[in-house]
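Residues per chain, in single letters:
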Amino acid sequence: VAIGLVAYAAGLSVGKTGTEVMFVLGQATGIALSLPLWWAFFRVGVHAVMGMSREAAWRIHIALGDVLLIFGTAHGIASLSALEADLVFKDFTAGPVGLF
């Protein structure tokens, strides 16, 4: 999963400007956001379908959460390098608000 997200972000970032790279990393972060949630449920979740224990599912949840943190940090760094700091911090909620 992590390799697929890296390939996705790297493939779309080739030959792009700073702002476009920021958007690509934001999309990869959005995709990565859902993955740990699938493995976080106690009773019904992906682990129940896969026949795994909850402990094993929580390990996968933690690993995918780490991937999310890496992509989120990269997106934040790309945002700060592509845009002015005043614009980034003024519209800091643009990512979550953009979901609606």
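Just above, that's the structure.
Residues numbered from 1 in each chain as written. Predicted model: local features only at pLDDT ≥ 70, side-chain atom pairs only at ≥ 80, totals over all residues. Heavy atoms only, no water.

Right, let's talk about the overall build of the protein for a bit. For the protein, the count of helices and strands is six helices and zero strands. Secondary structure elements of the protein occur, N-terminal to C-terminal, as α-α-α-α-α-α. Relative to its 100 residues, the protein shows a buried fraction of 25%. Long-range contacts, defined as pairs at least 24 residues apart, comprise 51% of the intrachain contacts of the protein with a sequence gap of at least 6. As displayed, the protein has an accessible area near 6,900 Å², and 72% of this comes from carbon and sulfur atoms. (Helix = DSSP H or I, 4+ residues; strand = E, 2+ residues; numbered from the N terminus. Buried < 20%, exposed > 50% of the residue type's maximum accessible area, 1.4 Å probe, protein only. Contact = heavy atoms within 4.5 Å. Areas by Shrake-Rupley, 256 points an atom, 1.4 Å probe, with all protein chains shown as cover.)

With respect to the helices and strands, the residue Thr29 is situated in helix 2 (residues 18-38). C-alpha separation for the pair Thr29 and Thr73, spaced 44 residues apart in sequence, amounts to 9.1 Å. If we skip the residues at most four places from it in the chain, Thr29 touches Leu68, Phe71, Gly72 and His75. At a separation of 3.1 Å, a polar atom in the side chain of Thr29 contacts the main-chain carbonyl oxygen of Phe71. (Polar contact = N/O pair within 3.5 Å; in protein donor to acceptor, adjacent residues only side chain to side chain.)

With 15 residues, the main nonpolar core has Leu5, Ala9, Leu25 and Phe71 as its most contacted residues. Counting only elements with at least two residues in this core, the list comes to helix 1 (2-13), helix 2 and helix 4 (54-82). (Core = buried A, V, L, I, M, F, W, Y, C linked by side-chain atoms within 4.5 Å.)

Helix length check: helix 2, at 21 residues, gives a terminal C-alpha distance of 31 Å against a target of 30 Å (1.5 Å per residue), a fit within 8%. Within helix 2, burial applies to Met22, Val24, Leu25, Ala28, Thr29, Ala32, Leu35 and Pro36. Along helix 2, the residues classed as buried sweep out an arc of 160° about the axis, all on the same side. Close packing links the buried residues of helix 2 with helix 1 and helix 4. (Expected span 1.5 Å × (residues − 1). Arc of directions from axis to C-beta.)

Compared with an ideal rise of 1.5 Å per residue, which puts twelve residues at 16 Å, helix 1 spans 16 Å between its outermost C-alpha atoms and is within 8% of the ideal. For helix 1, the set of buried residues is Leu5, Ala9 and Ser13. Seen end-on, helix 1 carries its buried residues on one side only, within an arc spanning 60°. Across from the buried face of helix 1, at angles greater than 90 degrees, the exposed residues are Ile3 and Gly11. Contacts made by the buried residues of helix 1 are with helix 2 and helix 4.

On to a nonpolar patch on the surface, then. Together, Leu33, Leu37 and Trp38 give the surface a local cluster of nonpolar side chains, amounting to about 310 Å² of exposed area. Looking at the element boundaries, Leu33 is found in helix 2. What makes Leu33 partly exposed here is its relative accessible area of 41%. (Patch = residues over 30% accessible without salt bridge, like charges linked within 9 Å, V, L, I, M, F, W, Y side chains within 5 Å. Salt bridge = Lys/Arg side-chain N within 4 Å of Asp/Glu carboxyl O.)

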